[in-house]
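Residue-level structure breakdown
Spelled out from the first residue to the last, the chains are:
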Amino acid sequence: MTKPISIAAKTRQIVKKHGNAKGAVIAVLQDLQEAFNYLPKEALKTAAKAMDVPMSRIYEAATFYTAFSLEPRGKHVVKICKGTACHVRGAAILQDRFETTLGIKPGGTTKDGLFSLETVNCVGACALGPVVVINTEYHGQVTISKVDKIIKKINKEEGAQ
Amino acid sequence: MSGNTDKQSHAILDNLTLYYGPKRKFVAICAGTGCRAYGSLKVKDALEAELKKQNMADVDVLATGCLGFCEKGPMMIIHPDKYFYQSVKESDIPEIVEKTIGRGEAISRLLYRHPETKKTLFREEDLPFYKKQLRAVFGKNGMIDPSRIEDYFAIDGYQALAKVLAEMTPEQVISEVKKAGLRGRGGGGFPAAVKWEGVRKAAGEPKYVIANGDEGDPGAYMDRSLMEGNPHSVIEGMIIGAYAVGSNHGYIYVRNEYPLAVENLSKAIEAARANGLLGKNILGTDFSFDIQINKGAGAFVCGESSALFASIEGRAGEPRAKYVHAVDKGLYDKPTVLNNVETWANVPLIINKGADWFASIGTEGSKGTKIFSLVGKINNTGLVEVPMGTTLYEIIYDMGGGITGGRKFKAVQTGGPSGGCIPESLLDLPVDFDRLYEVGSMMGSGGMIVMDDTSCMVDVARYFLEFLKEESCGKCVPCREGVRRMSEILEDICAGRGREGDIELLETMSAAIADGSLCALGGSAPNPVLSTIRHFREEYEAHIRDHRCPAGVCKALISYNIDAEKCTGCGVCVKVCATKAITGELKKVHTIDNEKCTRCGACIQSCKFDAIYVK
Ligand SMILES: Cc1cc2nc3c(=O)[nH]c(=O)nc-3n(C[C@H](O)[C@H](O)[C@H](O)COP(=O)(O)O)c2cc1C
Ligand code: SF4
Ligand code: SF4
Ligand code: SF4
Ligand code: FES
Ligand code: FES
C-alpha cells in the first residue's frame, strides 16, 4: 500500500490531471467521487481553489447531477434498476422489500454504514430484469426471496469479520 | 492528397487478408453488459484456458459487444461453421473445444431449438429472432473484438473515410447523406444532412461535432451496445461528419452508467490515433480532427442538445430557449453538429454502399434500418435491427416470440418518457418516424417495452410522470410545476383517490405544459399520459369510478387472496410475510388478513402452488 494522502492533496492531483481547465468541473467531480466514494466538503473547496472557479459553480454541479453524493455512502451500494423494462417486471416490489428490510429510502444509508440504497434508470441488462446491481455485481431476475438472501449474505459476511 | 491515402489504407488491408481468411477459425463470445451479467467473462477465460490445454491456442477468441439476443446469454458463435451456442456455461467448454472447435461437430444441447417446430437450428440466421432482421449497422458486432482495430479494418472499417478523403468534397459528402435520406436516430428524426449543411455554412470558428451517447430512455440500450461493441463505426461516422462540416474537434457524450462504453471508446480512439485516423493530418491529408469523451453524471435532461452543451462546458445541464439553434450557436456558442450515436454509425455505411442502397431500404419518409430494444414481457428480449416500416407485429411476434408465459399482449411503449403506449389494435402499424407520431407515440431512441395484461396503463403513465418530475431541471414553471401536479393526480388515481373530471384535467394540463415548456422534456412530458388516455381510457375510468385496478397493480386498489382449492397449507407464504398477515394451520387452507397485508407481493412469489391471487 502507498502512503495515504490527504483529501486536499488527492484533490489537487485530480484537478491537475484534468489540466486545471474550467470546463472540467464535472470530470473532476466524477474522479473525486470515485476516489472518496462521495464528495467531501474539503475536496470541493480545494477543487474550487485549484480550478479557480467559484464554489457556487462547484456546488451547482454537485447538486444538479444525481451521480454525485455529498454524504458518505455505505460500504455496499444497492442500485435498483427502475428502468421501464424492469418496472414492468416488478421492480417496485423489490424496492419495497429493500426499503422495509433495510429501513432506508433511496438516497439513504443504514446507520451501521453497511448499505446505501439507490435507484437507476436502466443498466442495459433488461433481458435479466428485474435487475439489482450491488456495488459492481449484477443480479438478474431478482425476486423477493433473492433480495432477502442478498441482504442476509452481506450482513453475515460483515458480521463475521 | 489522394495518393497517400490510398496507399496507406491499402497497406492496412493487404496485411489483413493473410490473417482474416474465410476459413479462419475463431470464436466470438459476447462480452456485452447483458452477457457479462450472466457470467460470460468467466466462460471466455475458461475457453482460452481450455484451448491452450488442448493445444489449440491459435484459435482466436473475440470478446465482442452485444450480439442482440441477450435473452440467451452467454452466447458464442463458432467460426468458420458459425454454430450459434446459447446459455453457455463454463462446464460446457471442454466439450465445445474438443468437439466443435476441434472436429467441427455441433453440440445439439447448446443449439437453439425452435419453440414451436422443436427443430434444432444451427446458425444465427436460422433463428426466428434474427431471420427477419436486417442488421446493417448492428450485425458487425459479432465480427469485432472492440479492443482490436484490426477486426474493424477487416470488415472494411475506415474504407468509407478513406474514400471520402480521397475522392469526395465536403459538399459531396453532405449531398450523399441527403440523398440517402438519413434522419436522426436520437428521437426527433431530423434530417442529418440539413443540420450538417447548416453548420458547414454557419459563420464562426471552431465548429464542433458531437455524438450523443446519453441514452436516457430507460429500457433502451442500443446506443450503449454500439459504443461498446463497434466503437469505430461511431468514430468513423464522426470523422466523416467533421470533414463534411469543417470541424477539427469532436466530443462523445456518454451516459454515466456506461463505464464499459467509455472504456471501449477510449481504446478505440487511441487505436485510431495510432493508425493516423484521428489527430493531425488524417491519412496524410491536411484534414485534422480529434475526439474527446465526456461522461454524463446522471441527468436525463442532458440528452437534450443545449443541456448537453452546458454539461460538456462543465455546468449544470439546463436547456435554453428553443429559438437558439445549435447549428449556429451550440457548444461554447459555436456552430455544432449533434447527432445520436446510431445516426453516426450509419454514416460509413451510406458512403460504402451508396445513398441509393440506403434509400432503397425503409419507407417513403424514413430510410434505412433502426435498432430497437425489445424488452419487458417478451420471450426474446434483445436488440433487433429492422428496416424502417417493419410492423410492430413482426417485431413482437416473429422476432420477439410473443409474450412471456403465454399471456395476452396489452401494449407496447415506444419513445421512452416522451413517447406513448400503443394498443393491440395497432399492431399492424409499420414502424417509422411518422407513423408512430400519428398514433400518439414516437420513435424516440428505439426503446420498445412490451406489456401484458398484468401491466396497468395508469401505473405506466404515473411511472413516466414520476420519472419526468424527478428529471425536470426546474428552469421553467409549466414543466416544473405542471409535471409535478400531473404526477400527483396520477398518484391519486392509482391510490384510489381519483375524482370525476381528473381525466379532463390531465388533458387540459397536458396542452398547457406542451405549449409553455422551454425544452422538449416538458414539451413531450404529457405524451405518456395522453396516449394511455387515448387508447386505454376505460382503465382510467375503472380506477376513478370503480376503485378497481383491472391489471392488479395499484396497491391501494387490490387485495391478496388465497384460493382454497389450490392451497395445500404448506406454510411457505407465512414465513415470507413480513407483517404476519397470513395465518393457517399446517396442511390446511391459509388465509390473508387484508388489514395487515401491505401488498408487498412476497407471498405470491413464494407459493409454489399458484394459490395466491390478486383481485
Ligand atoms: C429530454 C431530452 C432527452 C434526450 N435524450 C437523448 C438521448 O439520450 N440520446 C439522443 O441521442 N438524443 C436525445 N435527445 C434528442 C437530442 O436533443 C437531439 O435531438 C439528438 O441527439 C440529435 O441527434 P439525431 O438528430 O441524430 O437524433 C433528447 C432530447 C430531449 C428533449
Ligand atoms: S421544460 Fe422542463 S427540463 Fe426543459 S427547461 Fe423547462 S423545466 Fe427544464
Ligand atoms: S404457499 Fe401457497 S400453498 Fe403454501 S400455504 Fe401459502 S398459499 Fe397455501
Ligand atoms: S402481499 Fe406481502 S404483506 Fe400481503 S400477505 Fe403477501 S407477503 Fe404478506
Ligand atoms: S430497464 Fe432495468 S436493466 Fe434496462
Ligand atoms: S449482451 Fe450478449 S447478446 Fe446482448
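The model shown is predicted, which means the values in this text are computed figures rather than measured ones.

**A few points about the overall build of chain B**
- Assigned secondary structure in chain B consists of 24 helices and 19 strands.
- A globule of 615 residues ought to have a C-alpha radius of gyration of about 25 Å, and chain B, at 26 Å, matches this closely.
- Structurally, chain B occupies a C-alpha span of about 85 × 65 × 40 Å along its principal axes.
- Relative to all contacts within chain B whose residues are 6 or more apart in sequence, the contacts with residues 24 or more apart total 70%.
- Here chain B has roughly 23,600 Å² of accessible surface; of this, 51% comes from carbon and sulfur atoms.
- Here chain B contributes 74 positive and 79 negative side-chain charges, whose respective centroids are spaced 3 Å apart.

**A closer look at the domain arrangement of chain B**
- Looking at the assigned domains, one finds that chain B contains domain 1 (9-124), domain 2 (149-359), domain 3 (369-452), domain 4 (457-545) and domain 5 (559-614).
- Domain 3 of chain B and domain 5 of chain B are separated by 36 Å when their C-alpha centres are compared.

**Side note on the sheet that holds strand β2 (residues 115-120) of chain A**
Residues and elements named next belong to chain A.
- Spatially, four strands are ordered β2-β1-β3-β4 in an open sheet, and the strand pairing comes out mixed. At either margin of the open sheet sits one strand with a lone partner, and together these are β2 and β4 (137-139). Between one strand axis and the next, the sheet turns by 25 degrees as a mean value, whatever way the strands run.
- Where strand β1 (residues 76-81) lies against β2, six bridges are found, and the strand directions are parallel.

**A few points about the interface of chain A and chain B**
- Counting from both sides, the interface comprises 33 residues of chain A and, opposite them, 53 residues of chain B.
- Overall, the association of chain A and chain B removes approximately 3,500 Å² of surface from exposure, summing both partners, and the carbon and sulfur fraction of that is 55%.
- Broken down residue by residue, the surface that chain A buries against chain B is led by F64, T84 and V88 of chain A, which jointly contribute 17%.
- Remark: the boundary between chain A and chain B carries two salt bridges.

**Notes on the domain arrangement of chain A**
- Examined at the domain level, chain A breaks down into domain 1 (7-64) and domain 2 (76-160).
- In this structure, domain 1 of chain A and domain 2 of chain A have C-alpha centres spaced 29 Å apart.

**Some words on the pattern of salt bridges**
All names here are of chain B.
- Considering all chains together, one arrives at 51 salt bridges over all chains under this definition.
- Here K179 ties to D356 by a salt bridge, and the two come within 3.9 Å at their closest N and O atoms. Within this pair, whereas K179 is found in helix α8 (residues 170-180), its partner D356 is found in helix α15 (residues 355-359), the two being separated by 177 residues in sequence.

**Considerations on the nonpolar core**
- One finds Y158, W196 and F289 of chain B to be the most contacted residues of the largest nonpolar core, which totals 95 residues.
- In terms of residue count, the dominant contributor to this core is helix α11 (residues 231-245) of chain B (nine residues).
- Beyond its immediate stretch of four places on either side in the chain, F289 of chain B contacts V209, M238, I239, A242, S247, N248, H249, G250, L278, G279 and I282 of chain B.
- If you look at the next biggest cluster of nonpolar residues, it comprises 66 residues, including F115 of chain A together with F300, A461 and C597 of chain B.

**Some details on the side chain of E124 of chain B**
All names here are of chain B.
- Relative to the helices and strands, E124 is located in the loop between β6 (120-121) and α5 (128-131).
- Given the relative accessible area of 18%, E124 is considered buried.
- Side chain to side chain, E124 and R135 meet in a polar contact 2.8 Å long.

**What about the site of ligand 4?**
- Looking at ligand 4, there are 13 residues lining it, with C577, C597, T598, C600 and C603 of chain B nearest.
- By residue class, the composition of the shell around ligand 4 is nine nonpolar, three polar and one charged.

**With respect to the packing of helix α20 (residues 502-516) of chain B against helix α22 (residues 527-546) of chain B**
Residue and element names in this part refer to chain B.
- The geometry of α20 relative to α22 is characterised by a closest axis approach of 10 Å and an angle of 160 degrees between their N-to-C directions. Compared by their axis directions, α20 and α22 come out roughly antiparallel. By crossing handedness, the relation of α20 to α22 is classed as right-handed. Residues D502, I503, E504, L506, E507 and S510 of α20 lie in contact with α22, whose contacting residues are V529, L530, I533, R537, Y540, E541 and I544.
- Classifying every residue of the contact of α20 with α22 by side-chain character gives seven nonpolar, one polar and five charged.

**Looking at helix α3 (residues 41-51) of chain A**
- Within α3 of chain A, the full set of buried residues consists of A43, L44, T46, A47, A48 and M51 of chain A.
- On its buried face, α3 of chain A sits against α1 (7-17), α2 (25-36) and α4 (55-64) of chain A.

**Let's talk about the packing of aromatic side chains**
- For the structure on display, the rule yields 19 aromatic pairs over all chains.
- When the ring of F64 of chain A is compared with that of Y65 of chain A, the centres are 4.9 Å apart and the planes differ by 80 degrees; the resulting orientation is edge-to-face.
- The exposure class of Y65 of chain A is buried, given its relative accessible area of 1%.
- Considering the side-chain rings of F84 of chain B and Y130 of chain B, the 5.8 Å spacing of their centres and the 75 degrees angle between planes classify their relative orientation as edge-to-face. Of this pair, F84 of chain B sits in strand β4 (residues 83-85) while Y130 of chain B sits in helix α5, placing them 46 residues apart in sequence. Summarising the burial analysis for this pair, F84 of chain B and Y130 of chain B share the class buried.
- Members of the aromatic cluster, joined through ring pairs, are F69, F84, Y112, F129 and Y130 of chain B.
- Looking at R24 of chain B, its charged tip hangs above the ring of F26 of chain B, at a distance of 3.9 Å from the centre.
- Over the ring of F372 of chain B we find K370 of chain B, and its NZ or CZ is 5.7 Å from the ring centre.

Conventions we followed
- Residues numbered from 1 in each chain as written.
- Chains lettered and ligands numbered in written order.
- Predicted model: local features only at pLDDT ≥ 70, side-chain atom pairs only at ≥ 80, totals over all residues.
- Heavy atoms only, no water.
- Helix = DSSP H or I, 4+ residues; strand = E, 2+ residues; numbered from the N terminus.
- Rg over C-alpha atoms; globule rule 2.2 N^0.38 Å.
- Contact = heavy atoms within 4.5 Å.
- Areas by Shrake-Rupley, 256 points an atom, 1.4 Å probe, with all protein chains shown as cover.
- Lys, Arg positive; Asp, Glu negative; His and termini not counted.
- Charge placed at Lys NZ, Arg CZ, Asp CG, Glu CD.
- Domains from an automatic or database assignment.
- Pairing = 2+ DSSP bridges.
- Axes fitted to C-alpha atoms, helices over the stretch in contact; angles between N-to-C directions.
- Buried area = accessible area lost by both parts, 1.4 Å probe.
- Salt bridge = Lys/Arg side-chain N within 4 Å of Asp/Glu carboxyl O.
- Core = buried A, V, L, I, M, F, W, Y, C linked by side-chain atoms within 4.5 Å.
- Buried < 20%, exposed > 50% of the residue type's maximum accessible area, 1.4 Å probe, protein only.
- Polar contact = N/O pair within 3.5 Å; in protein donor to acceptor, adjacent residues only side chain to side chain.
- Near = heavy atom within 4 Å.
- Nonpolar A, V, L, I, M, F, W, Y, C, P; charged D, E, K, R; others polar.
- Parallel < 35°, antiparallel > 145°, perpendicular 65-115°, else oblique.
- Left-handed = near helix turned anticlockwise from the far one by under 90°.
- Phe/Tyr/Trp six-rings, centres within 6.5 Å; stacked < 30°, edge-to-face > 60°.
- Lys NZ or Arg CZ within 6 Å of the ring centre and 35° of its normal.

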